[in-house]
Amino acid sequence: MNRVLRLVASLACSAFCAVAATAQNQALSCSTNPQTGYIDLPASPLLTPANFTLEAWVRYDDASLPAGWVYPTIARKNFTQGVADWFLRVNANNNQARVLRFWANGAGGVVNVNWTFTAGAMTNWTHVAVTYDGSFATMYINGAQVAQSVATGPLIDTGDVARIGAGDVAPGSANERWNGLIEEVRIWSVARTAAEIAASRTQQITSAPGLVASYLLNGNGADASPNNLDGTGQATPTYVTIPSLSGPTTYCTAGTTTNGCNASISASAQPSASQATACTLSVAGVEGQKQGLLFYGLDNTGFTPLPWAANSTSFFCVKSPTQRTFPQNSGGTINQCNGSFAVDLNNFFVVFPGAIGLPFSAGDKLYVQSWFRDPPAPRTTNLSNALEMTMQP
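This structure is a prediction, so every number in the text was calculated from the model and none was measured.

Asker: Tell me what's going on with the packing of aromatic side chains, and back it up with residues and numbers.
Answerer: What the rule picks out here adds up to 13 aromatic pairs. On the numbers, 5.8 Å between centres and 15 degrees between planes, the contact of Phe-295 with Phe-316 is stacked. Within this pair, whereas Phe-295 is found in strand β19 (residues 291-297), its partner Phe-316 is found in strand β21 (residues 315-316), the two being separated by 21 residues in sequence. Taken individually, Phe-295 and Phe-316 each receive the classification buried, so the pair is uniform in this respect. Judged by centre distance (4.8 Å) and plane angle (40 degrees), the rings of Phe-348 and Phe-352 are tilted. Owing to a relative accessible area of 24%, Phe-352 belongs among the partly exposed residues under this scheme. Put simply, the rings of Tyr-296, Phe-348, Phe-349, Phe-352 and Phe-360 touch in pairs and so form one group of aromatic residues. Stacked on the ring of Trp-188, the Lys or Arg Arg-192 has its end atom at 3.9 Å from the ring centre.

What follows is the structure in structure tokens.
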């Protein structure tokens, strides 16, 4: 089954076929005791827009907090006691309470949104998001709304700096270091909808309408957005390697078939090296009643996608050597774009134990694409776009 697809190596790829970047998959590691480093962000008005969304992936250890007044903070802007543009923190107080609080300083006064959670609720990776649109302040956990308060007009910018991983760190203040891990912090100048938050929480976003800043926290406080609101590490921040939290990432461009179809590839989840979780690869928008298959490679380092054939709109987006999955029929209606393919990846690895890459380890990459028949097209075939995937444990 380890058959290599031949490609047209003499042709160069168009600029719009850029390969998706590979994430380093690191997170900021924080502790209330001993107190650890954090990231200071610039004093930019962009970080306090009138309408606002803050989102992050976090893990929180609520079992190891020190004695005293503790307010583990994910992010905060302005650290004057009793004053802030906004903050998102756990109000543990001096009794290890479990209340996630969003504070927003609106034109008509301060607004608080609180969510009380159970012990260990955020021990595993949890996506938290808060929004503010002048009318309502809302909190979401893993894409679902959990709390909301009436807002008081647009947010007020006090001109101070912002911080990730801590709040007030002045001597004598309460302990506001986060106690756990923080990853993928994003700030928006729009109040994102529940649907937008749920749909994109597993995506790594570095450029989008309304995106103000994107802190991947891959070993530094750099802002990956075009605004370049780079953060600076304070007190020697610690970073740790983690499994990828982002979902599979599409890249490259699907070819347009004889009947105007553009096949689109997706996956239900990241694959698991131990096959602990299901992973189904799907291709939609295929021409009906066509034979085809999916194939994958392991390493796209230094690879530029190549035109599939002269005059073809398809691109070969996976570096050789490649592994084919089993052939299948797209179903659907002939001359229509309602055909599809599907592969249960775990099942494929069980049936074909000699497939390239096996056994996989967490962090390994897969680059997947679909090929299918289209007799009138150049080379009598076409290709979908492609998918970059990261093996989880």
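Asker: Give a description of the pairing of strand β13 (residues 211-215) that names residues and reports values.
Answerer: In terms of residue burial, β13 counts as a mostly covered element, since 5 of its 5 residues are buried. As defined by bridge partners, strand β12 (residues 180-188) adjoins β13 across 4 bridges and the pair is classed as antiparallel. If you follow Val-185 over to β13, its bridge partner there is Tyr-215.

Asker: Talk me through the sheet that holds strand β17 (residues 264-267); I want residue IDs and the actual numbers.
Answerer: Spatially, β17-β18-β24 is the arrangement adopted by the 3 strands of the open sheet, whose pairing is antiparallel. Of all the strands in the sheet, just β17 and β24 (339-344) have a single pairing partner and so form its edges. On average, each strand axis in the sheet is tilted by 15 degrees relative to the strand beside it, whichever way the strands run.

Asker: Give a description of the state of the cysteines that names residues and reports values.
Answerer: Summed over all chains, the structure comprises 2 disulfides. Each disulfide pairs two cysteine sulfurs, and for Cys-261 the partner residue is Cys-337, the sulfurs being separated by 2.0 Å. Its S-S torsion of about -90 degrees marks the bond between Cys-261 and Cys-337 as left-handed, since a negative value means left-handed. Of this pair, Cys-261 sits in the loop between β16 (249-251) and β17 while Cys-337 sits in the loop between β23 (328-329) and β24, and the two are 76 residues apart along the sequence. Since its relative accessible area comes to 0%, Cys-261 is described here as buried. In the protein, the bonded cysteines, numbered by position in the sequence, are linked as 1-3, 2-4. Here Cys-279 stays free of any disulfide, with the sulfur of Cys-317 as its closest cysteine sulfur at 19 Å.

Asker: Lay out the sheet that holds strand β4 (residues 73-77) with the relevant residues and their values.
Answerer: In spatial order, the strands read β7-β6-β5-β4-β11-β2-β14; together these 7 strands make up an open sheet with antiparallel pairing. Either end of the sheet is taken by a strand with one partner, and the two such strands are β7 (109-116) and β14 (232-234). Here the average twist between neighbouring strands, direction ignored, is 20 degrees. Where strand β2 (residues 38-41) meets strand β11 (residues 162-164), 3 bridges bridge the pair, whose relative direction is antiparallel. Among the inter-strand pairings, Ile-39 is bridged to a residue of β11, identified as Ile-164.

Cut-offs used in this document
- Residue positions are given per chain, counting from 1 as you read along its sequence in written order.
- Only residues with pLDDT of at least 70 are given local features in this predicted model, and only at 80 or more are side-chain atom pairs given and counted; all residues enter the totals for whole chains, interfaces and linings.
- Where side-chain values are given, they derive from all heavy atoms of the structure, hydrogens and water being excluded.
- Think of it this way: a Phe, Tyr or Trp ring, Trp meaning its six-membered ring, pairs with another when their centres are within 6.5 Å, and the plane angle makes it stacked under 30 degrees, edge-to-face over 60, tilted otherwise.
- Strands here mean DSSP runs of E at least two residues long; helices mean DSSP runs of H or I at least four residues long; both are numbered from the N terminus.
- A simple rule labels every residue: compare its accessible area, found with a 1.4 Å probe on the protein chains alone, to the largest value its type can have, and call it buried under 20%, exposed over 50%, or partly exposed in between.
- In this analysis the charged atom, NZ for Lys or CZ for Arg, is taken to sit over a ring once it is within 6 Å of the ring centre and within 35 degrees of the ring normal.
- A pair of strands is treated as paired once DSSP finds two or more bridges between them.
- Lines fitted to C-alpha atoms define the axes, with helix axes restricted to the stretch in contact, and inter-axis angles between N-to-C directions lie between 0 and 180 degrees.
- Throughout, disulfides are identified as pairs of cysteine sulfur atoms within 2.5 Å of each other.

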